[in-house]
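# Structural overview for review
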Protein chains: 4
Amino acid sequence: MIFFDCDYNQGAHPKILEHLASTNWEQTPGYGCDPYCEQARTLIRELCHAPEAGVHFLVGGTQVNATFLNAALRGHQGVVSAATGHIHCHETGAPEAGGHKVLALPTGPEGKLSAAQVDALCAAHYQGSPPPEHMVQPKAVYISHPTENGALYTLAELEALRAVCGRWGLYLYVDGARLGYGLTAPGTDVDLPALARLCDGFTIGGTKCGALFGEALIVTNPEIDRDFRYYIKQGGGMLAKGRLLGLQFLALLEDGLYFTICRQANALADRLAEACRTAWLPEYAPSVTNQRFFIFTEEQMARLSEQYVLSLWEPLPDGRAAYRLCTSWGTAPEAVEALAGDILALGDRP
Amino acid sequence: MIFFDCDYNQGAHPKILEHLASTNWEQTPGYGCDPYCEQARTLIRELCHAPEAGVHFLVGGTQVNATFLNAALRGHQGVVSAATGHIHCHETGAPEAGGHKVLALPTGPEGKLSAAQVDALCAAHYQGSPPPEHMVQPKAVYISHPTENGALYTLAELEALRAVCGRWGLYLYVDGARLGYGLTAPGTDVDLPALARLCDGFTIGGTKCGALFGEALIVTNPEIDRDFRYYIKQGGGMLAKGRLLGLQFLALLEDGLYFTICRQANALADRLAEACRTAWLPEYAPSVTNQRFFIFTEEQMARLSEQYVLSLWEPLPDGRAAYRLCTSWGTAPEAVEALAGDILALGDRP
Amino acid sequence: MIFFDCDYNQGAHPKILEHLASTNWEQTPGYGCDPYCEQARTLIRELCHAPEAGVHFLVGGTQVNATFLNAALRGHQGVVSAATGHIHCHETGAPEAGGHKVLALPTGPEGKLSAAQVDALCAAHYQGSPPPEHMVQPKAVYISHPTENGALYTLAELEALRAVCGRWGLYLYVDGARLGYGLTAPGTDVDLPALARLCDGFTIGGTKCGALFGEALIVTNPEIDRDFRYYIKQGGGMLAKGRLLGLQFLALLEDGLYFTICRQANALADRLAEACRTAWLPEYAPSVTNQRFFIFTEEQMARLSEQYVLSLWEPLPDGRAAYRLCTSWGTAPEAVEALAGDILALGDRP
Amino acid sequence: MIFFDCDYNQGAHPKILEHLASTNWEQTPGYGCDPYCEQARTLIRELCHAPEAGVHFLVGGTQVNATFLNAALRGHQGVVSAATGHIHCHETGAPEAGGHKVLALPTGPEGKLSAAQVDALCAAHYQGSPPPEHMVQPKAVYISHPTENGALYTLAELEALRAVCGRWGLYLYVDGARLGYGLTAPGTDVDLPALARLCDGFTIGGTKCGALFGEALIVTNPEIDRDFRYYIKQGGGMLAKGRLLGLQFLALLEDGLYFTICRQANALADRLAEACRTAWLPEYAPSVTNQRFFIFTEEQMARLSEQYVLSLWEPLPDGRAAYRLCTSWGTAPEAVEALAGDILALGDRP
């Protein structure tokens, strides 16, 4: 079987394993206070044009999201999210376990929150009847970029969100679990300095973008960054051998490898999407990143499932279902060619 | 000004004040372990035909809801609620502060959850992709009776909810903050023994139904009732002079006063609704209890607001707004007549 | 039986019942936004010489302590307390349920924390090995005045605590569940303006000092007071008929009744302590307030227990036990005379 | 500088890096559902003689402790621990962040809890005055083996703890962050099957015993194991590429490597302890594992600090301080010889 179901089913880019091996016997301080983490922090600050930002390395996505929210929000405050947002749907209530309600808003198939939606929610909160203290106070906006459905915000959309956050005193947080695929997608005008300028915090995802594991969290708001390491430790996110994280981000970022491998995954996903469109498969949600979403009949999927694993995304009332086709930094081009061919062959039948 | 905005703007039925005064100098043990609480417990168990049920007295509604949920749910479990449910909208995230996500479902204007909705949510949770442990496990259903919008479940609807709860291993909890108005509404087939038979826990609201304050919580599921007093104490709900609660419920329930005064409030609300309908005011949400919801133009409300306070419920896009007209155990019939007259007068203008 | 076991076994001072009765049919806004609460707030600000302070009324002691701590502390911060402190021992982990560790320090029999202890704890936290983020950050000091054992801080001791709190950036919070007895004890130099000047928050206890229930919370630190009502609501402490609290504090404070009745309770406790000392009973913990602690043999207690209920405080290894003798605003002088006589009679036997 | 300050300052045993490299391009399911995790689970169950036990792999120690406690305890329950226990001192209040109080008990220099202590604490909880519900209910016992101070429980001591846990309905949990060093210490009669038989849960530490990172958690109590993966996910402990954990434990356990490398570290620590004793350095806490604790004067430490890093454990009032000397799976024997020689040289001076 060849897996196109997700972007975390292989190990890591070989350069990372080499870094780990070559430094294995060195003795360094623990908990992220080693020279490799420090170098990686410096590099990230440079790439983000954010010389004062806090940079922290955590192991996983649910962990980093919950840690940021716990540090950012007081006990009566919640976070606005798309109803399809990862923190709302697929983190087993980690924000709520920390005491924070997710204020979910409906979105279209792209899974993008709009500034107008956030504005309306805040206006409703403060309009006076009932008094606001009977409701959870909105204090942060969570978006993912790319979204859960692979879509990208434009710079203008992010700026509008930033403006509305400013108007109501909200933090803006971007979950960048797949940020590499977003930053290298054709036509995007969002880059690291823009994120650092517009967000109070955002992540550069490693796990899905070439690392064994690890998310880099950039906290540009010093109010949130103060005492941040307490939250990392309390939340179980302070890796004893923290250098493992610094080393990986160094390997990925020091010469642009992160962007190279993600750009290639996007291109491979393009190849699959092209095949799907050629085979007249309906597109479920528009995406230009490494995740693509198409609708298959049961019979079509039965044929593909003989050799490939795709990810069931949403069963449809008519018996068909939306599936995710996912490439990654480690996807073999030959595998893509094979799948593309078999998708095209689907089109041959009525 | 005459207030029709809510059912908690006056003190208590005089009988309650008399009970407090006549027992004032007695010395009794604290924390609900006094003879009056014990008598009230016995009486409630009799009225509910639930001789084994746990009966607890707490001060307020948010408190009793949060305490029940904290006792019933483990940390990875959430509670299904209508999107208009009080715990979802107007308790400042109290369930989430206890670590529990509210799994909100949309409803019609009545604000009622259906068994089919709960069934579908549970089926989706356990269907396998993603694996259930990535999501909050549904473990309880919260409904209010009457609902936030004054509607009532039928016995058949409650039995269907109970059945679906049984199928998926969920608890059924009924917030009865206005239960007195629900149990005495014309045509209802729900009574206390039915609630005790079908629910794992439910409340008999005092605050809005004639008491100074206080909610009686009946816990019929011994698994939840075990160690329940720890949760009351931890949640700040264990009144030192607990007898104040027992005395009030005795006063209300020992001779049916609770039902008498609530039935009368429903009748007064009928009178208001009749006036509204006669004046061709559109009904926003159907109700047969003490809360009625009608739509007024700005000009109409300006006229009424000279003498009456109603509760803004929902601004409508066309400039009109839905308002709540609320009677209570303490509403003066003359005040109702006055308001009814002035509503009828609204109809005179085009 | 005559009860000397606690100060919350009777109703309320009659003046309070009168206030409730005379205002019963008035219609007022809910949730503490009524004129009576507003008058009580103004009066308390005057008595405290704290015109800017936030004043909030909550129902009970565990509730008010937890609410203050939740509003004051971020998630990685804890509260320093005597190991005998109420929040550490007898609130079923309410601070921890809100996510906050109690950093407990041992004390002598008086149950008083010293400035030096707090200073040493903070110095240890920040000394560097292990780094502070591996430990809970001390951010508040909790004391009770009188302490659990009836002892009082001097003004100089409070000023020293305030100074050490300032040095390390800690809040100072005083649990005044029995404040009335403390402020009227002979020889004390602590008064309401001193508390308002030195503390970030403190309570004026009603439940144990003449009210049916209720604690007034004075928050002098605007950083903590911001959004405070959200915490009250979320914690279940926002009484729908909030005026019940305002009315009670008005009744107690508007003409000094609070101080009169507490001073008398102290005097009655003096009478009991005098009897104990005359009967050569050893004093367990020194107190000049309404709680006194003496050591009785099993045989002595057996004799007293025929007519009186005292509170077992601490079993001693030799079979004797420390008991609390507690008077209150409602204690009958004749009951005190009777008990004093019977205590004196204990001394007649070897 | 040569580091003897901790056992997590190097990478991993080379065999682990080889495993990671050789499997790097394989595609496997995520979240610990891969064949390597499954093999490691089977192997651990065999080694523990616990064919039914749940086996879970988490990244770090604070995370695994908090996750177990969150799954095991209801909201009103706490965990008994030595006052020196890691969860009480050095996890930034992670148990409290999950709502659970640590009920800390004082211990001697070994840091071991006794069955008698736990028994007394439970007896006090249930003795009736005040009623138990005013206090946190003890529901679990946390011990570390070896303890924070390197000491080991005997099998008899564990059995006594198990018995007292049974008597009061408590769970027994063993934090085995350094379990390898404990199981291979000379003279111990505790082995994996004994732990599996006596505990409700325990960990086999990887991070400090040869792995890059990772703790294996064995849950023998099915009541706790039910739904356990929800807690792992919610707590941020579900590694996307879960096989990284399975692979490491396979590498360590499949041929006894875990025990070999830990036994050697103990022997190297023996060599250091022998040198310390020969140099007449006072022993601070007795240990037969990889951590040893000796007291040094300032002048002695100044000399050693020129070449070695040791871990300050406890400053003493007289200016001296206790230090930890720590070996690990990766300690070079030559480094130990060098340090031992320099320690012996300390003894030459008066």
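Overview of the structure. (Residues numbered from 1 in each chain as written. Chains lettered and ligands numbered in written order. Predicted model: local features only at pLDDT ≥ 70, side-chain atom pairs only at ≥ 80, totals over all residues. Heavy atoms only, no water.)

## Side note on the overall build of chain A
Selection rule: Helix and strand labels come from DSSP, where a helix needs a run of H or I of at least four residues and a strand needs a run of E of at least two; each type is numbered from the N terminus. The globule rule used here is 2.2 Å times the number of residues to the 0.38 power, and the radius of gyration it is set against is calculated over C-alpha atoms. Type-normalised accessible area, obtained with a 1.4 Å probe on protein chains alone, sets the label of each residue: buried when under 20%, exposed when over 50%, and partly exposed for intermediate values. We call two residues in contact when some of their heavy atoms are within 4.5 Å. Accessible surface area values rest on a Shrake-Rupley calculation with a 1.4 Å probe, where residue burial reflects the displayed protein chains alone. Charge counting treats Lys and Arg as positive and Asp and Glu as negative, with His and both chain ends excluded. Note that the charge is assigned to NZ on lysines, CZ on arginines, CG on aspartates and CD on glutamates.
When helices and strands are counted, chain A shows 15 helices and 13 strands. A globule of 350 residues ought to have a C-alpha radius of gyration of about 20 Å, and chain A, at 21 Å, matches this closely. For chain A, the C-alpha atoms occupy an extent of roughly 60 × 60 × 35 Å along the three principal directions. Among the 350 residues that make up chain A, the fraction classed as buried is 65%. Taking contacts inside chain A between residues at least 6 apart in sequence as the whole, the part at least 24 apart equals 73%. When the accessible surface of chain A is summed, it comes to about 11,400 Å², and 56% of that surface belongs to carbon and sulfur atoms. When the 25 positive and 38 negative side-chain charges of chain A are each reduced to one mean point, those points stand 4 Å apart.

## Side note on the pattern of salt bridges
Pairing between side chains of opposite charge can happen when their charged atoms approach one another. How we decide: We define a salt bridge as a contact between a side-chain nitrogen of Lys or Arg and a carboxyl oxygen of Asp or Glu at a distance within 4 Å.
On inspection of all chains with the given rule, the structure shows 64 salt bridges over all chains. Among the salt bridges present, the one from R167(B) reaches D119(B), with a minimum N-O distance of 2.9 Å. With R167(B) in helix α7 (residues 155-168) and D119(B) in helix α6 (residues 115-126), this pair connects stretches of sequence that are 48 residues apart. The exposure class assigned to R167(B) is exposed, which follows from its relative accessible area of 54%. Note that R292(D) is salt-bridged to D270(D), the shortest N-O span being 2.8 Å. On the criterion of sequence distance, the pair formed by R292(D) in strand β10 (residues 291-296) and D270(D) in helix α13 (residues 257-278) is long-range, its members being 22 residues apart. Residue R292(D) is classed as buried on the basis of its relative accessible area, which comes to 2%. For D270(D), a relative accessible area of 32% corresponds to the partly exposed category.

## Considering the state of the cysteines
Short version of the rule: In this description, a disulfide is simply a cysteine sulfur pair whose atoms lie within 2.5 Å.
Evaluation of the coordinates by the stated rule reveals zero disulfides over all chains. Of the cysteine sulfurs around C48(A), a residue in no disulfide, the closest is that of C199(A), at 10.0 Å. Assessed through its relative accessible area of 1%, C48(A) is described here as buried. C37(D) forms no disulfide, and the closest cysteine sulfur to it belongs to C33(D), at a distance of 8.0 Å. Looking at C37(D), the relative accessible area reads 1%, which means it is buried.

## Quick word on the relation of the copies chain C and chain D
Going by this rule: Here the copies are matched by least squares. The fit uses the C-alpha atoms of residues with pLDDT of at least 70 in both.
For the match of chain C to chain D, the screw axis carries a shift of 0.0 Å, the RMSD comes to 0.0 Å, and the turn is 180°. Between the two chains, the operation in question is that of a two-fold axis. Both copies present the same face, since 100% of the interface residues in chain C are matched by interface residues at the equivalent positions in chain D.

## Examining the interface of chain C and chain D
Keep this limit in mind: Values labelled buried area give the accessible surface lost by two parts on being combined, using a 1.4 Å probe and summing over both. A 3.5 Å cut-off defines polar contacts: any pair of N or O atoms within that distance qualifies, except that in protein one atom must be a possible hydrogen donor and the other a possible acceptor, and neighbouring residues in sequence count only when both atoms are side-chain atoms. The classification used treats Ala, Val, Leu, Ile, Met, Phe, Trp, Tyr, Cys and Pro as nonpolar, Asp, Glu, Lys and Arg as charged, and all other residues, Gly among them, as polar.
Across the boundary between the two partners, chain C contributes 20 residues, which contact 20 residues of chain D. Of all residues in chain C, T92(C), E96(C) and K101(C) give up the largest surface area on contact with chain D, accounting jointly for 35% of the area buried on that side. Inspection of the region where chain C meets chain D yields two salt bridges. One salt bridge connects E96(D) with K101(C), and the closest N-O pair in it is separated by 2.5 Å. Our count for the contact surface shared by chain C and chain D stands at 12 residue pairs in polar contact (both at pLDDT 80 or more). Taken together, the elements giving at least two residues each to the side of chain C that touches chain D come down to α4 (86-89) and α5 (94-97) of chain C. Ranked by residues supplied to the side of chain C that touches chain D, first place goes to α4(C) with three residues. The residue inventory of the side of chain C that touches chain D, partitioned by class, reads eight nonpolar, eight polar and four charged.

## Quick look at the sheet that holds strand β6 (residues 171-175) of chain A
Residue and element names in this part refer to chain A. What counts, and what does not: When DSSP locates at least two bridges between a pair of strands, those strands are taken to pair. With axes taken as lines fitted to C-alpha atoms, and helix axes fitted only over the stretch in contact, angles between N-to-C directions fall between 0 and 180 degrees.
Pairing is mixed in the open sheet, where seven strands are placed in the order β2-β8-β7-β6-β5-β3-β4. Edge positions in the sheet fall to β2 (54-58) and β4 (102-105), since each of these pairs with one other strand and no more. For this sheet, the mean angle separating the axes of adjacent strands, direction not counted, is 25°. Bridge analysis of β2 against strand β8 (residues 215-219) gives five bridges, and the strand direction is antiparallel. Paired with F57 across the two strands is A216, which belongs to β8.

## Section: the relation of the copies chain D and chain A
Superposing chain D onto chain A takes a rotation of 180° plus a shift of 0.0 Å along the axis, which leaves an RMSD of 0.0 Å. Most of the interface of chain D is mirrored in chain A: 100% of its interface residues are interface residues there too.

## What to know about the packing of helix α12 (residues 243-253) of chain C against helix α13 (residues 257-278) of chain C
Residue and element names in this part refer to chain C. What counts is decided by this rule: Note that the term roughly parallel is reserved for angles under 35 degrees, roughly antiparallel for angles over 145, roughly perpendicular for angles of 65 to 115, and oblique for everything else.
Interaxial distance between α12 and α13 falls to 5 Å at its minimum, and their mutual angle equals 70°. As far as their axial angle goes, α13 and α12 are roughly perpendicular. Of the residues in α13, those touching α12 at A251, L252 and L253 are L257, Y258, F259 and I261. Split into classes, the residues belonging to the contact of α12 with α13 amount to seven nonpolar, no polar and no charged.

## Some details on unusual backbone geometry
Residues and elements named next belong to chain B. Along the chain, S129 connects to P130 via a cis peptide bond; the corresponding omega equals -5°. Its place among the elements puts P130 in the loop between α6 and β5 (137-144). The phi dihedral of T92 is positive, around 50°, even though this residue is not glycine. Tracing the chain through its elements places T92 in the loop between α4 (86-89) and α5 (94-97). Non-glycine residue D227 carries a positive phi angle of around 65°. Tracing the backbone through its elements, the reader meets D227 in the loop between α10 (222-225) and α11 (228-234). On the basis of relative accessibility, which here comes to 22%, the residue D227 falls in the partly exposed class.

## Remarks on the interface of chain D and chain A
Chain D puts 44 residues into the contact, and the matching count from chain A is 44 residues. Where chain D abuts chain A, roughly 3,900 Å² becomes buried across the two surfaces, and 59% of that area is made up of carbon and sulfur atoms. Inspection of the region where chain D meets chain A yields zero salt bridges. In this assembly, chain D and chain A are joined by 26 residue pairs in polar contact (both at pLDDT 80 or more). Secondary structure elements with two or more residues in the side of chain D that touches chain A: β1 (2-3), α1 (14-22), α3 (61-72), α5 (94-97), α11 (228-234) and α12 (243-253) of chain D. Take the side of chain D that touches chain A: its biggest share by element is four residues, from α1(D). Across the side of chain D that touches chain A, the residue classes tally to 22 nonpolar, 17 polar and five charged.

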